[in-house]
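As a plain string of letters, each chain reads:
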Amino acid sequence: MNLRASITFVSSLALVLLAGCDSDQGPAQLASTQPANSMGKPIEPAPESKSFPDKKDVFQGAEYDPGTGAMPAGARQLNLRLGQIVEVFHGSLTPADGQRELAFYLPEEARSVVQLVVETSGFKRTYFLRAIGLGQTVGGVVERRWLDGSGNDPKSVADEARIQNAVRTAPYLIAVTN
């Protein structure tokens, strides 16, 4: 027998033997409509939960609702449209004036709503906000020495607490709409 005929014979024998094997690929089998429990009774749905609108639970009380109450003292409100760029703050580092350098700060969770853009010219820094996502957030003016080299994040946990206090004292309430 020649080599080509023997390879063809072995290949066709393997195909015949493997043709009858089951495969787990393909569409899934439909589940039966009979109940799966051993008692034979259908499973009843869970009881409905009832809410009590006159009482707030812990999480509802902690939600931020910008529509209720007056704005905090010293707060500024910015209403932006998606893609809009607004100038929000001018900073200055003049060595002779004796004042601390200030910077505009956005917490990490605010960076998905607005982007902070800083323009530097000599000792002047101008801070802009660009609306990049829908939502509401907060930012504020802080001392530059509390921020790391990039100017985006606090240097330490103590500086983070100082930053949070400064933002609470004079927040910029930022809302981005379509």
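In the block above lies the structure referred to throughout.
Nothing here was measured: the structure is a model prediction, and the numbers come from that model.

Novice: Outline the pattern of salt bridges, listing residues and values.
Specialist: Summed over all chains, the structure comprises 5 salt bridges. We note a salt bridge from Glu143 to Arg100, for which the minimum N-O separation is 3.6 Å. Of this pair, Glu143 sits in strand β6 (residues 135–143) while Arg100 sits in the loop between β2 (85–92) and β3 (102–105), and the two are 43 residues apart along the sequence. A relative accessible area of 17% means that Glu143 is categorised as buried. Ionic pairing is found between Arg125 and Glu101, a salt bridge with its closest N-O pair at 2.5 Å.

Novice: Before we move on, can you summarise the sheet that holds β6 with the specific residues and values?
Specialist: With respect to topology, 4 strands assemble into an open sheet ordered β1-β7-β6-β3, the strand pairing being mixed. Looking at strand neighbours, the two that pair on one side only are β1 (76–81) and β3, the edges of this open sheet. For this sheet, the mean inter-axis angle between neighbouring strands, taken without regard to orientation, is 20°. Most of the contacts of helix α3 (residues 157–169) go to β6, to which it runs at about 110°, and overall it touches β3, β6 and β7 (171–177).

Novice: Could you give an account of the environment of Leu82, naming the residues involved and the relevant values?
Specialist: With respect to the helices and strands, the residue Leu82 is situated in the loop between β1 and β2. The class for Leu82 is partly exposed, based on a relative accessible area of 40%. Along the backbone, Leu82 and Ala175 are 93 residues apart, and their C-alpha atoms lie at a distance of 9.9 Å. Every residue in contact with Leu82, bar those within four places of it in the chain, is listed here: Ala131, Ile132, Gly133, Leu134, Val176, Thr177 and Asn178.

Novice: Hey, could you go over the sheet that holds strand β5 (residues 124–131) for me, with residue numbers and the actual values?
Specialist: Spatial ordering of the open sheet is given by β2-β5-β4, a layout of 3 strands whose pairing is antiparallel. A strand with exactly one partner marks an edge of an open sheet, and here the two such strands are β2 and β4 (114–121). Averaged over all pairs of adjacent strands, the angle between their axes in this sheet comes to 25°, without regard to strand direction. Pairing analysis gives 7 bridges linking β2 to β5, with the strands arranged antiparallel. Looking at the pairing, Ser92 lines up with Lys124 of β5.

Calculation rules
Residues numbered from 1 in each chain as written. Predicted model: local features only at pLDDT ≥ 70, side-chain atom pairs only at ≥ 80, totals over all residues. Heavy atoms only, no water. Salt bridge = Lys/Arg side-chain N within 4 Å of Asp/Glu carboxyl O. Helix = DSSP H or I, 4+ residues; strand = E, 2+ residues; numbered from the N terminus. Buried < 20%, exposed > 50% of the residue type's maximum accessible area, 1.4 Å probe, protein only. Pairing = 2+ DSSP bridges. Axes fitted to C-alpha atoms, helices over the stretch in contact; angles between N-to-C directions. Contact = heavy atoms within 4.5 Å.

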